[in-house]
Amino acid sequence: MASFAEALADLDLAIEHSLSDQLGSFQPRQGAVVPSLRLQVDVNLQFEGADGVFQTQAVGITLRKASVGTVRRGDLFTLANGQQLQVDQSVSDDGYWLTLACMEAP
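Rules and cut-offs
- Residues numbered from 1 in each chain as written.
- Predicted model: local features only at pLDDT ≥ 70, side-chain atom pairs only at ≥ 80, totals over all residues.
- Heavy atoms only, no water.
- Helix = DSSP H or I, 4+ residues; strand = E, 2+ residues; numbered from the N terminus.
- Areas by Shrake-Rupley, 256 points an atom, 1.4 Å probe, with all protein chains shown as cover.
- Lys, Arg positive; Asp, Glu negative; His and termini not counted.
- Charge placed at Lys NZ, Arg CZ, Asp CG, Glu CD.
- Buried < 20%, exposed > 50% of the residue type's maximum accessible area, 1.4 Å probe, protein only.
- Pairing = 2+ DSSP bridges.
- Core = buried A, V, L, I, M, F, W, Y, C linked by side-chain atoms within 4.5 Å.
- Contact = heavy atoms within 4.5 Å.
- Phe/Tyr/Trp six-rings, centres within 6.5 Å; stacked < 30°, edge-to-face > 60°.
- Axes fitted to C-alpha atoms, helices over the stretch in contact; angles between N-to-C directions.
- Salt bridge = Lys/Arg side-chain N within 4 Å of Asp/Glu carboxyl O.

Engineer: Please clarify how the overall build of the chain should be interpreted in this entry.
Structural biologist: Within the chain, the secondary structure is distributed over two helices and eight strands. Projecting the C-alpha coordinates of the chain onto the three principal axes gives extents of approximately 50 × 35 × 25 Å. Taken as a whole, the chain presents about 6700 Å² of accessible surface, with 51% of it coming from carbon and sulfur. Of the side-chain charges in the chain, 6 are positive and 13 negative, and the distance between the mean point of each set is 9 Å.

Listed below in structure tokens is the structure:
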């Protein structure tokens, strides 16, 4: 019988495969490239602030934290279509999934 941790890992893989809509790689400012990542990419990320919800030019990238570990501002994602997105800030981190606000790389 599978342990709870194994069942949770299987569930994360199923979620990753069903919700991901892009393939890409991750390049930390220091360290090796992490290739072949399944990413959820959301264009025109929305934030909630004091004046309500507002749309930004940021691109949201959601992925499993175990795939990349620590992500810092300035790290780079390269999508399969060649688009490069630089991490601006972390939007959400529950220990399993990361959502990052990214901007087009200069």
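Engineer: Explanation requested: unusual backbone geometry in the structure shown.
Structural biologist: Outside of glycine, negative phi angles account for most residues, and trans bonds account for most peptide bonds. Phi is positive for Ser36, close to 55 degrees, though the residue is something other than glycine. On the secondary structure map, Ser36 appears in strand E2 (residues 34–42). Accessibility expressed as a relative area gives 66% for Ser36, which makes it exposed.

Engineer: I would appreciate a short explanation of the pairing of strand E5 (residues 59–64) in the present structure.
Structural biologist: Within a regular strand, side chains alternate between the sheet's two faces. Burial runs high along E5: six of the six residues are buried. Here E5 shows a buried face lined by Val59, Ile61 and Leu63 and a second buried face lined by Gly60, Thr62 and Arg64. In this structure, E5 lies alongside strand E8 (residues 97–104), joined through six bridges in antiparallel fashion. Bridge assignment links Gly60 to a residue of E8, and that residue is Ala101.

Engineer: Is there a simple way to think about the nonpolar core in this case?
Structural biologist: If you look at soluble globular proteins, the nonpolar side chains tend to sit buried side by side. In this structure, Leu39, Leu63, Phe77 and Leu100 are the most contacted members of the largest nonpolar core, which totals 16 residues. Taken together, the elements giving at least two residues each to this core come down to E2, E5, strand E6 (76–79), strand E7 (84–93) and E8. Among residues more than four places away in sequence, those in contact with Leu63 are Leu37, Arg38, Leu39, Val68, Phe77, Tyr96, Trp97, Leu98 and Leu100.

Engineer: What is the right way to read the packing of aromatic side chains from this model?
Structural biologist: By convention here, two paired aromatic rings are described through the distance between centres and the angle between planes. In this structure the tally under the stated criterion is one aromatic pair. With 5.0 Å between their ring centres and 45 degrees between their planes, Phe26 and Phe77 make a pair best called tilted. Taken together, the residues Phe26 in strand E1 (residues 22–27) and Phe77 in strand E6 connect sequence positions 51 residues apart. Given the relative accessible area of 1%, Phe26 is considered buried.

Engineer: When you look at the sheet that holds E5 in this model, what are you seeing that I'm missing?
Structural biologist: Either a parallel or an antiparallel arrangement is found when strands of a sheet pair, and the pairing is made through backbone hydrogen bonds. Read around the closed barrel, the six strands follow the order E1-E2-E5-E8-E7-E6; overall the barrel is antiparallel. Neighbour-to-neighbour, the strand axes of the sheet open up by a mean angle of 45 degrees, direction not taken into account. Across four bridges, E1 lies against E2 in antiparallel orientation. Residue pairing in the sheet places Gln22 in a bridge with Leu39 of E2.

Engineer: Please explain the pattern of salt bridges as it appears in this structure.
Structural biologist: Here the idea is simple: oppositely charged side chains can pair when their charged atoms come close. All chains considered together, the criterion is met by three salt bridges. Residue Lys65 is joined to Asp93 by a salt bridge in which the shortest nitrogen-to-oxygen separation is 2.9 Å. Separated by 28 residues along the polypeptide, Lys65 in helix H2 (residues 65–68) and Asp93 in strand E7 bring together distant segments of the chain. Look at Asp93 and you get partly exposed, because its relative accessible area is 42%.

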